[in-house]
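Summary of the model geometry
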Amino acid sequence: MTLGTEPLTDPFALAQALSGAHLINGRFASAASGQTFDVVNPATGAVIGQAAEGNAEDVDRAVEAAALAQADWKRMPARQRGKLVAACGARLAEHVDELGRLIALETGKALRTESRVEASVLADMFVFFGGLGSELKGESVPFNPDMMTVTMREPVGVVGVIIPWNVPLLLMAMKIAPALVAGNAVVVKSAEEAPLTVLRVCQIMNEILPPGVFNILSGFGPACGGPLVSHPKVAKVSFTGSVETGRIVARAAADRLIPATLELGGKSPMIIMGDADLDRAVDGAVTGMRFTRQGQSCTASSRIYVHDSVHDAFVEKLRARVDAMVMGDPLDEATDIGTIISPQQLEKVTGFIEAGRAAGATAIACSAVPGDPALAKGLFLQPVIFTDIAADAPPAKEEIFGPVVCVFRFRDYEEVIEAANDSEYGLAATIWTRDLRTAMDATRRLEAGFVQVNQNLVVQPNLSYGGVKSSGLGKEASLESMLEHFTHKKTIIFNMT
Ligand code: ADP
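These numbers come from a predicted model, not from an experiment. (Residues numbered from 1 in each chain as written. Predicted model: local features only at pLDDT ≥ 70, side-chain atom pairs only at ≥ 80, totals over all residues. Heavy atoms only, no water.)

**Overview of the domain arrangement of the chain**
By a widespread convention, an interface's size corresponds to the accessible area lost as its parts come together. Applicable threshold: Domain start and end points were adopted from an automatic or database domain assignment. By definition, residues are in contact when any of their heavy atoms lie within 4.5 Å. Defined in terms of a 1.4 Å probe, buried area is the accessible area two parts forfeit on being brought together, summed over both. Here, a salt bridge means any Lys or Arg side-chain nitrogen found within 4 Å of an Asp or Glu carboxyl oxygen. By the criteria applied, helices consist of DSSP H or I runs no shorter than four residues and strands consist of E runs no shorter than two, each listed in order from the N terminus.
For the chain, the domain assignment lists domain 1 (11-264 + 471-492) and domain 2 (269-461). Between the C-alpha centres of domain 1 and domain 2 the distance comes to 30 Å. Contacts between the two partners involve 34 residues from domain 1, matched on the other side by 32 residues from domain 2. When domain 1 packs against domain 2, the two sides together hide about 2700 Å² of surface, and 59% of this comes from carbon and sulfur. Area buried by domain 1 at its contact with domain 2 is led by Arg112, Trp165 and Ser471, which between them contribute 21% of it. At the boundary of domain 1 with domain 2, the tally comes to 3 salt bridges. Between arginine 116 and glutamate 333 there is a salt bridge, with the nearest N and O atoms lying 2.5 Å from each other. Top contributing element to the side of domain 1 that touches domain 2 by residue count: helix H5 (residues 111-130), with 8 residues.

Here you go:
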């Protein structure tokens, strides 16, 4: 492959040029089996390129290269490692438009509202963690006056990283930036639906990092992700994906007694009290529900509880807002909403919509599927707002990962807190009220890893992010996450007598 690293804004040409390779030890490499699989543009159904189909042999090559590279990488002064990672962030910032276009092409997420934003946050995450090298501090311990006792933070070794397709750039950055700064080498297994943009990121970063420190493989879950978790030289796994796969990964990690960080599903509640600023709450619902990402977010505020006194007004305002959003070609700057990722996902989401209707709920479909014949095979789906839906109907309980939101009416604060917590998930929650006492009480009682009042911000550098209950194990994106998940603490005693 002769692809250079100057920014290329034609995503179709870039997808072709990136086709058919892993990136191992600083070089593009075909799959050991020689096999590839198609990468499809969900807005047209057209094949845009191929990805190398990784297996256990590819995993072995990548992990061996990573282990070798890590031996030198961990000896580099921490601030120097950080400077290289920050330099990757600065370089990636020059590629924001290019990466945004490519991720829009392979995932169907709209360029202006989602894809370019994600590429920009990717670059920022590397810049943020790049500044934290000197925070890898230990402690001195008052153990015995005749003994100098200290702790040191050491890297864990080779980290296996498995990512999903919904926000692959951001989720990869949240894992590999702290892992690298802490002195680990990484092997990433990309999602089968979105293997190309992350490969490009790896190529750009390999211009700056020593070879072997950051490797990336494409392939299917059991055939490529499985061997990565069970490789004897992988010392830690960081996974984002579904609860079912998270359980498989956690079991495999447990067999090897290695730690696993898991960021899994969600069914996040949003509570709107009668005194809330309704327009702000509607904005928050649009952002929180990730309508511009077709609702394909584990954090999606997919259960909205609205006080009876403002319920009908809220539903009407939300309907009008979502209805005004433009669905269309993800690469078109005018587009707000793109496509669902794959036919399988589309089928799953429409199944939930049918189940909600069958359960007697009112389904309000918003926005309009584009009429352009070039997009006739695109995986477009009208967002749906369910009202009058039973709490035990499938769309109300299960994670949909699509543009479907359930709005419930409530009258009593105690009841709504109970309803919000009545979920196997606990990723995020928000409450909207002008009353400080209610806000503070709710933030304490809501069972979630990330709770916000009167806003619905997405993941931010240095705010610990992650869930409780079935939403996962371990936090990400912060200094503490780097220390807790990508280092271990060594205790050292000098006997001075
Ligand atoms: P989704 O339904 O969003 O695709 P998954 O949890 O199945 O969610 O996928 C998330 C990531 O986990 C993907 O990279 C996928 O290839 C990987 N994966 C799937 N199955 C396994 C497995 N058995 N072992 C390791 N990784 C897997």
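There's plenty left to go through after this.
**Let's talk about the sheet that holds strand E19 (residues 450-453)**
We apply this condition: Here, any two strands with at least 2 DSSP bridges between them count as paired. Orientation is described by lines fitted to C-alpha atoms, with helices fitted over the stretch in contact, and by angles between N-to-C directions that extend from 0 to 180 degrees.
Taken in spatial order, the 7 strands make up an open sheet running E14-E15-E16-E13-E12-E18-E19, and their pairing is mixed. With one partner strand each, in any of the chains shown, strand E14 (362-365) and E19 form the two edges of the open sheet. Averaged over all pairs of adjacent strands, the angle between their axes in this sheet comes to 20°, without regard to strand direction. Sheet topology note: the strand E12 (residues 269-272)/strand E18 (residues 428-432) ladder contains 3 bridges and is parallel. Across the sheet, isoleucine 272 pairs through a bridge with tryptophan 432, a residue of E18. Relative to the sheet, helix H14 (residues 413-421) contacts E12, strand E13 (303-307), strand E16 (404-410) and E18, its axis offset from that of E13 by approximately 180°.

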